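Take a look at the letters that make up each chain.
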Amino acid sequence: MNNIYISILAMLLVFTSCNEFVEEPVPTAEVNPDAVFSSEEGIRSFFTGTYRQIRFINNTNGDDSEAYGAFLNTRNVKGNDCIRPQFDWFVFEYRYLDRIPTQRKPNHIWNAMYEIINSMNVMIDRLADAPISDNSRTLFEAEAKAIRGLAYFDLIREFAKPYAFDQNAPGVPIYLEPTTLESEGRARSTVGEVYEAIREDLEFASENLTANREVK
């Protein structure tokens, strides 16, 4: 008889647990934003993920599309002091054949930089209500704006005319708040407007990121 009672109790516990699991599922492929922005440790982990993305993000199309280093190498081979006559890595960039919109390098730079920009927009937006000190909030915001400014600097150099050539030429779209797949795309701002947004971000970062901070 005791075994029957134990079996019934076990079944009730299983059904109760299943109901709770079904009614309140917990995602396993992502972290709840409320948990991330509930502590300084969570916020720092968010930055760590962004830095890893900058260092290692790859569009799976080859080693010459490996993260931020590939962007720097792309600009090196487009300069006046690099010779790349043979057919090898970065030869399309060297021959200026990577300007085709469907080519992997412009797609990689565009997608990677705007993904990083949106991550920093999420960071800045959620910092407003994060339960942290005002000093930490300012430091985190300054760090996020430094990263966002850098991302826009890469985009404007890659997809627009030089600032000195024409400040009123079409630049790239500016997003200063979080977006989703359902968000409406924005038109291109002018080159001058993009550089102004970059200047504001980097000046805020320069004024608020102290040399004695823990993470540089």
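This structure is a prediction, so every number in the text was calculated from the model and none was measured.

> Looking at this model, I keep getting lost on the overall build of the protein. Mind explaining?
If you tally the helices and strands in the protein, you get eight helices and zero strands. Secondary structure of the protein in N-to-C order comes out as α-α-α-α-α-α-α-α. For the protein, buried positions account for 33% of its 216 residues. Intrachain contacts of the protein at a sequence separation of at least 6 include 60% that bridge at least 24 residues. Of the roughly 13,900 Å² of accessible surface on the protein, 56% is carried by carbon and sulfur atoms.

> Honestly, empty space enclosed by the protein in this entry has me stumped. Any pointers?
Under the counting rule described, the total for this entry stands at one cavity of 30 Å³ or more. Estimates place the volume of the largest cavity at around 30 Å³. Forming the boundary of the largest cavity are Ile54, Tyr68, Met113, Ile116, Ile147, Leu150 and Ala151. For the lining of the largest cavity, the secondary structure elements donating two or more residues are α6 (104-127) and α7 (134-159). The dominant element in the lining of the largest cavity, judged by the number of residues it contributes, is α7, at three residues. Considering only residue class, the lining of the largest cavity consists of seven nonpolar, no polar and no charged.

> Looking at this structure, I do not really get the confidence of the model for the protein. What am I missing?
Low pLDDT means the predicted coordinates in that region are not meant to be read closely. Per-residue confidence for the protein gives a mean pLDDT of 80; residues scoring 70 or more make up 75%. Least confident of the elements in the protein is helix α1 (residues 2-23), whose mean pLDDT is 47; most confident is helix α8 (residues 191-208), at 98. Overall, residues 5-22 carries pLDDT values under 50, and its contacts beyond four positions in sequence, including any with other chains, amount to zero contacts.

> In this structure, what is going on with the side chain of Asp154? I would like to understand it.
Turning to its location among the elements, Asp154 is positioned in helix α7. When neighbours within four sequence positions are excluded, Asp154 is seen to be in contact with Tyr68, Arg75 and Met113.

> What is the right way to read the environment of Phe153 from this model?
Secondary-structure assignment places Phe153 in helix α7. As for Phe153 and Ala197, which are separated by 44 residues in sequence, their C-alpha atoms are 9.7 Å apart. The contact partners of Phe153, leaving out residues within four places of it in the chain, are Tyr195 and Ile198.

How each quantity is defined
- Residues numbered from 1 in each chain as written.
- Predicted model: local features only at pLDDT ≥ 70, side-chain atom pairs only at ≥ 80, totals over all residues.
- Heavy atoms only, no water.
- Helix = DSSP H or I, 4+ residues; strand = E, 2+ residues; numbered from the N terminus.
- Buried < 20%, exposed > 50% of the residue type's maximum accessible area, 1.4 Å probe, protein only.
- Contact = heavy atoms within 4.5 Å.
- Areas by Shrake-Rupley, 256 points an atom, 1.4 Å probe, with all protein chains shown as cover.
- 1 Å grid on protein atoms, 1.4 Å probe; cavity = no way out; pocket = protein on both sides within 12 Å on 5 of 7 lines; lining within 4 Å.
- Points joined across faces, edges and corners; volume = space filled by probe spheres on them.
- Nonpolar A, V, L, I, M, F, W, Y, C, P; charged D, E, K, R; others polar.
- pLDDT = per-residue confidence, 0-100.

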